[in-house]
Amino acid sequence: AQSVAQPEDQVNVAEGNPLTVKCTYSVSGNPYLFWYVQYPNRGLQFLLKYITGDNLVKGSYGFEAEFNKSQTSFHLKKPSALVSDSALYFCAVSPGGFKTIFGAGTRLFVKA
Amino acid sequence: SQTIHQWPATLVQPVGSPLSLECTVEGTSNPNLYWYRQAAGRGLQLLFYSVGIGQISSEVPQNLSASRPQDRQFILSSKKLLLSDSGFYLCAWGQGYGNTIYFGEGSWLTVV
């Protein structure tokens, strides 16, 4: 079955430190991969996506994600975390059809 | 630019009452449209998607239905709400295969 796993319910990091939010997927073929962010009581906002090419993808708000085909991973990263980055982050994969499959989400908490 | 609107933002309904949530997209034509439900502030469950007027695909058998009476309008309905229908409902749109989907601001439904 096609799935997306975000193994951490919550990630805690100090402001100014680098952050990583992990994502692995189980999808056949060459899927499109996405990261979204959700602030409280709001819809999801698109951060970045990987389709093909360079394994390091840059997105909004200084975020980037590293695609690793052999490990079927797509981890979200930021060199220096801000308190305002605290939110719920979703990894998603589109196997190639009309549907997008979302992970369960990881809550990022950045401490001042 | 494209925008997506959904309403109402908040709804409190008694058990057994009907439901209608509406979503419209502006600035694009023939979008793919989606309804997701998010329970307890975590993962997203795809409920319905539509690739054209009158075309509805249901992902999860349940107490809800969807309709697409116009190209950029997507409606989520129920004839009789259950307590378990409570949650945060998100409308989204995308274009083509596997592309980024964009979310509305969500509708909070509380069934009492």
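Residues numbered from 1 in each chain as written. Chains lettered and ligands numbered in written order. Predicted model: local features only at pLDDT ≥ 70, side-chain atom pairs only at ≥ 80, totals over all residues. Heavy atoms only, no water.

Trainee: Tell me about the overall build of chain B, and name the residues and values.
Mentor: For chain B, the count of helices and strands is 0 helices and 11 strands. Element order for chain B, N to C, with α for helix and β for strand: β-β-β-β-β-β-β-β-β-β-β. Its C-alpha atoms give chain B a radius of gyration of 13 Å, near enough to 13 Å, the size a compact globule of 112 residues would have. In terms of principal-axis extent, the alpha carbons of chain B reach across some 40 × 25 × 20 Å. (Helix = DSSP H or I, 4+ residues; strand = E, 2+ residues; numbered from the N terminus. Rg over C-alpha atoms; globule rule 2.2 N^0.38 Å.)

Trainee: How would you sum up the pattern of salt bridges? Please name residues and give values.
Mentor: Across all of its chains, the model carries 7 salt bridges over all chains by this definition. Where A:Glu66 meets A:Lys77, a salt bridge forms, and the shortest distance between an N and an O atom there is 2.9 Å. One end of the pair, A:Glu66, is in strand E8 (residues 64-68); the other, A:Lys77, is in strand E9 (residues 73-78), with 11 residues separating them in the sequence. Note on A:Glu66: relative accessible area 38%, which makes it partly exposed. Look at A:Lys77 and you get partly exposed, because its relative accessible area is 27%. Residue B:Arg37 is joined to B:Asp85 by a salt bridge in which the shortest nitrogen-to-oxygen separation is 3.9 Å. Here B:Arg37 is found in strand E4 (residues 32-38), whereas its partner B:Asp85 is found in the loop between strand E8 (73-78) and strand E9 (87-94), with 48 residues between them in sequence. Here B:Arg37 and B:Asp85 have matching classes, each one buried. (Salt bridge = Lys/Arg side-chain N within 4 Å of Asp/Glu carboxyl O. Buried < 20%, exposed > 50% of the residue type's maximum accessible area, 1.4 Å probe, protein only.)

Trainee: An account of the nonpolar core is needed here, citing residue identities and associated values.
Mentor: Within the largest apolar cluster, 27 residues are counted, with the highest numbers of intra-cluster contacts made by A:Trp35, A:Leu47, A:Leu48, A:Phe74, A:Leu76 and A:Tyr89. Mapped onto this core, the elements with two or more residues apiece are strand E2 (10-14), strand E3 (19-21), strand E5 (32-38), strand E6 (44-50), E8, E9, strand E10 (87-94) and strand E12 (106-111) of chain A. In terms of residue count, the dominant contributor to this core is E10(A) (4 residues). Counting 20 residues, the second largest nonpolar core, distinct from the first, contains B:Leu19, B:Phe74, B:Leu81 and B:Val111. (Core = buried A, V, L, I, M, F, W, Y, C linked by side-chain atoms within 4.5 Å.)

Trainee: If you had to explain the state of the cysteines to someone new, which residues and values would you point to?
Mentor: Under the defined criterion, the tally for this structure stands at 2 disulfides over all chains. The side chain of A:Cys23 participates in a disulfide bridge whose partner is A:Cys91; the two sulfur atoms lie 2.0 Å from each other. Disulfide A:Cys23-A:Cys91: torsion about the S-S bond near -65°, hence left-handed. With A:Cys23 in the loop between E3 and strand E4 (24-26) and A:Cys91 in strand E10, this residue pair connects regions lying 68 residues apart in the sequence. The same class applies to A:Cys23 and to A:Cys91, which are both buried. There is a disulfide in this structure between B:Cys23 and B:Cys91, and the S-S distance comes to 2.0 Å. Its torsion about the S-S bond being -75°, the disulfide of B:Cys23 and B:Cys91 is classed as left-handed. (Disulfide = S-S within 2.5 Å.)

Trainee: So what's going on with the interface of chain A and chain B? Which residues, and what values?
Mentor: Each partner contributes residues to the interface: chain A has 25 residues there, and chain B has 25 residues. Both faces combined, the contact of chain A with chain B buries some 2,000 Å², and carbon together with sulfur accounts for 52% of it. Taken as a group, A:Phe98, A:Lys99 and A:Phe102 account for 30% of the area that chain A buries against chain B, more than any other trio of residues on that side. Taken together, the connections running from chain A to chain B amount to 2 salt bridges. Between B:Glu59 and A:Lys99 there is a salt bridge; the shortest N-O distance is 3.2 Å. Our count for the chain A to chain B interface comes out at 9 residue pairs in polar contact (both at pLDDT 80 or more). Those elements that provide at least two residues to the side of chain A that touches chain B are E5, E6, E10 and E12 of chain A. In terms of residues, the side of chain A that touches chain B owes the most to one element, E5(A), which gives 4 residues. (Contact = heavy atoms within 4.5 Å. Buried area = accessible area lost by both parts, 1.4 Å probe. Polar contact = N/O pair within 3.5 Å; in protein donor to acceptor, adjacent residues only side chain to side chain.)

Treat this as a map of the structure, not an account of what it does.
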